[in-house]
Each structure stands twice: as structure tokens, then as C-alpha cells.
Amino acid sequence: MRLIEMEIARQDWKGMQCGCGNTAEHLAGYLLQLAGLGPEGRPIHVSFEEHVWSPAALWEPAPAVTSVALAALADDVAPIARVLFLDLLHRMVAGEGTELPERCRSLATQGIWLLYAEVMSNRQPGAAGDAFEILTVIEPDRGRLQRVREIAAEWLPVCCRTGLCDDEFEGFDRM
């Protein structure tokens, strides 16, 4: 069993209310598709909007999806799946509203070294920038973040090199 499958299996999807109004049970299949573990055998982009997040809020499954996204980054998933999971993780930690964004940020902090590894490996175009933007939200050690910004500046997008992506999240409480 792969890490992502293990993390999906440990969540109580039936016991969670999905943003679409049903139980979150169908999200397990969506996450497997995103990882390339569905019937197609390749990563399939699945929209989690109105299931896990909306422009205004996160929904109950957000912390579980955050844990699965981190497991995917620790697992051996296809490069495009890494980018899709990083995008999903970014939506979970950048959310506003209820206590859910804070829970997601706390969970993401547990995988902080996965995000640093993604930045420093620069193995997939765009992934380093996505991981760095997540770090700007969850990293309490701003000195370490600045040092990585300097080291990885060559492959980070302009907004990350200049600190523009940091400004967007100034209002969030840092751990």
C-alpha cells in the first residue's frame, strides 16, 4: 500500500460533510484519481472546489485533504500529480474563515521539510514556487525562509524572489 492510499484509508470520509452537501466519501476516489491511482492509471485533474474549498471558505474535509496532500508529496507520485497536490495544499493553508484554515496550516507545518525539499530539488517546473508560497504561509522561522529564498532565487517565480507572495498572507497568525 502506498503512503497516499494509507492516508486516505485512515480518514473517516463517511463521517464528514462535503461542501457539495453529501458525505465526503467520494473525495477518496477523487484524491486517488489526482494521484494517478484511479482506473485511468494516470493523474487526472479533479476540481475540489465546492467539495473542500470555495472562494469564501474551507469545508469540513479540508484537514483530511491536507493530510492526504502531504502524504502524496512524501510518496512517489507523478510530477504533474505533485503540482496538483501542491496547488490543493496551497488552497488549504491559504483559506480564511473558520478554524479549518488554522488546522490545515498546523497540519502542513508537520510536513514543512517536504515543502523545503520540493523547493530545493526544483524537479518540476512551477512546483518549487508553489511549495515556496505554501512556506510563506506556514513557516514561523522567517530567517530560514529568507535564506532559502536567496539560495533558490534562480528558479523561483518573481513573486517569491521579491517577497510579493509573502505580503498576501501578512494577516494570518503564524505558529
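Everything below is about the structure printed above this text.
In this report, the structure presented in the accompanying data block is examined.

Attention shifts here to helix H8 (residues 142-152). Since there are 3.6 residues in each turn of an α-helix, residues three or four apart along the chain are aligned in direction. Listed in full, the buried residues belonging to H8 are Leu145, Val148, Arg149 and Ala152. Burial along H8 is one-sided: seen end-on, the buried residues are contained in an arc of 105°. The backbone nitrogen of glycine 143 lies 3.1 Å from a side-chain oxygen of the residue at the head of H8, namely aspartate 141.

Attention shifts here to the pattern of salt bridges. Side-chain pairs of opposite charge can arise where the charged atoms are in close proximity. For the structure on display, the rule yields nine salt bridges. Between arginine 10 and glutamate 7 there is a salt bridge, and its shortest N-O distance comes to 2.9 Å. Judged by relative accessible area, which is 56%, arginine 10 ranks as exposed. The residue glutamate 102 makes a salt bridge to arginine 105 at a minimum N-O spacing of 3.2 Å.

Here the focus is the packing of aromatic side chains. Summed over all chains, the structure comprises two aromatic pairs. A ring pair is formed by tyrosine 30 and phenylalanine 48, whose centres lie 6.3 Å apart and whose planes are at 75°; its orientation type is edge-to-face. Separated by 18 residues along the polypeptide, tyrosine 30 in helix H2 (residues 25-35) and phenylalanine 48 in the loop between H2 and helix H3 (62-74) bring together distant segments of the chain. Judged by relative accessible area, which is 3%, phenylalanine 48 ranks as buried. A centroid spacing of 5.4 Å and a plane angle of 40° characterise the contact between tryptophan 113 and tyrosine 116, whose relative ring orientation is tilted. In this pair, tryptophan 113 and tyrosine 116 both sit in helix H6 (residues 112-121), three residues apart, roughly one turn of the helix. Overall, tryptophan 113 belongs to the exposed group, its relative accessible area being 55%.

Criteria and cut-off values
- Residues numbered from 1 in each chain as written.
- Predicted model: local features only at pLDDT ≥ 70, side-chain atom pairs only at ≥ 80, totals over all residues.
- Heavy atoms only, no water.
- Buried < 20%, exposed > 50% of the residue type's maximum accessible area, 1.4 Å probe, protein only.
- Helix = DSSP H or I, 4+ residues; strand = E, 2+ residues; numbered from the N terminus.
- Arc of directions from axis to C-beta.
- Polar contact = N/O pair within 3.5 Å; in protein donor to acceptor, adjacent residues only side chain to side chain.
- Salt bridge = Lys/Arg side-chain N within 4 Å of Asp/Glu carboxyl O.
- Phe/Tyr/Trp six-rings, centres within 6.5 Å; stacked < 30°, edge-to-face > 60°.

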